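Fold and contact review
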Amino acid sequence: MKPLLTALFCFAFLAPAQDPSRAIPDDSWILVHIDTETTGLVAGYHELIDFGAVYTDPNGRILGQFYRKILPAHPERLSPRAKEINGFDPALWRARGALASEQALREWRAWEAQQFPNRRMIRVALNSPFDASFVDTWLRQHHLKLPAHYTFFFLDLPSMAWSLGFRELWGSQLAAKLGVADEPHTPLEHTGLSGALVNVRIYQKLVEYRRARL
């Protein structure tokens, strides 16, 4: 079913509309653009250490953002490649205000409930299988689940871009092709929030590109 929803969403990007200003209704969904940094690639063994979420309407207008650094329960499982990418160090994370995993999760859920009560939400990511696996594992580990107003689907940016004729799959490639600022790729500056924000910029440009074709 997930590929089907992505295909339908991509078709909606391509389908003609009589009024371009209402091509994507701005009063229906809230899109939650998510990006994560982790201690490795295997959800359930490796853990989240950085989480960013930027909220937009379907036209890409930013409505809010949430960001936390997270202290993993097993920092010794950090992979060399993950450290190379995000610069994780337990002492540095503590100095920068990182929270225990459950506290960070509950703060996110409480903040979101206060900011957007009962709004329909769908998650969006660049690498949706990766981010979905870590976020869903995060929820299960702390005996929580997404509120009922969330769909369990995850939309992905490369599929949206592919439906519009772009063949770049990596975030940096898409950002360059679309002419938007990429996120930093130096450790410590490369965060969940920086990733979520570049994902939003890519999404905004795809919306603009689609409208220009109508």
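Let me begin by describing the structure that accompanies this report. Just so it is clear, the model here is predicted, and its values are computed rather than measured.

Right, let's get into the pairing of strand β3 (residues 62-71). Sheet topology note: the strand β2 (residues 48-56)/β3 ladder contains seven bridges and is antiparallel. Bridge pairing in β3 links Tyr 55 to Gly 64. Counted along the chain from β2 to the antiparallel partner β3, the turn is five residues long, and its residue Gly 60 has a positive phi close to 95°. Pairing analysis gives two bridges linking β3 to strand β4 (residues 99-100), with the strands arranged parallel. Within the sheet, the bridge partner assigned to Ile 70 lies in β4 and is Leu 99.

Turning to the environment of Leu 197, a few remarks are in order. Inspection of the secondary structure assignment puts Leu 197 in helix α8 (residues 192-213). Sequence separation between Leu 197 and Gly 52 is 145 residues; the distance between their C-alpha atoms is 8.6 Å. With sequence-adjacent residues up to four places away left out, Leu 197 is seen in contact with Val 54 and Gln 65.

Under the definition given, this model contains eleven aromatic pairs. Ring centres 5.3 Å apart and planes at 55° place the aromatic pair Tyr 55 and Trp 111 in the tilted group. With a gap of 56 residues between them, Tyr 55 in strand β2 and Trp 111 in helix α4 (residues 101-115) connect regions that are remote in the sequence. Of the two residues examined, Tyr 55 and Trp 111, each falls in the buried class. Between Trp 108 and Trp 138, the ring centres sit 5.9 Å apart and the planes meet at 5°, which makes this aromatic pair stacked. Linking Trp 108 in helix α4 with Trp 138 in helix α5 (residues 128-141), this pair joins segments that are 30 residues apart in sequence. Comparing Trp 108 with Trp 138 shows no difference in burial state: the two are buried. Taken together, the ring pairs in this structure connect Tyr 55, Phe 66, Trp 111 and Phe 116 into an aromatic cluster. The ring centre of Trp 108 lies 4.8 Å from the NZ or CZ of Arg 109, which sits over that ring. Lying across the ring of Trp 29, Arg 120 places its NZ or CZ 4.1 Å from the centre.

Quick notes on the rules
- The residue numbering used here restarts from 1 in each chain and proceeds along that chain's sequence as written.
- Reporting of local features is limited, given that this is a predicted model, to residues whose pLDDT is at least 70; pairs of side-chain atoms are given and counted only at 80 or more, and all residues count toward the totals for whole chains, interfaces and linings.
- Just so you know, side-chain values use all the structure's heavy atoms and leave hydrogens and water out.
- Strand pairing is assigned whenever DSSP detects at least two bridges linking the two strands.
- Strands are runs of DSSP state E lasting at least 2 residues, helices are runs of H or I lasting at least 4, and numbering of each runs from the N terminus.
- We call two residues in contact when some of their heavy atoms are within 4.5 Å.
- Each Phe, Tyr or Trp ring, with Trp reduced to its six-membered ring, pairs with another whose centre is within 6.5 Å; inter-plane angles below 30 degrees give stacked pairs, above 60 give edge-to-face pairs, and intermediate values give tilted ones.
- Partly exposed residues are those whose accessible area sits between 20% and 50% of the maximum for their type, while under 20% is buried and over 50% is exposed, using a 1.4 Å probe and protein chains only.
- Charge-over-ring contacts are defined here by two conditions on Lys NZ or Arg CZ: a distance within 6 Å of the ring centre and an angle within 35 degrees of the ring normal.

Any functional reading would require information beyond the geometric quantities listed.
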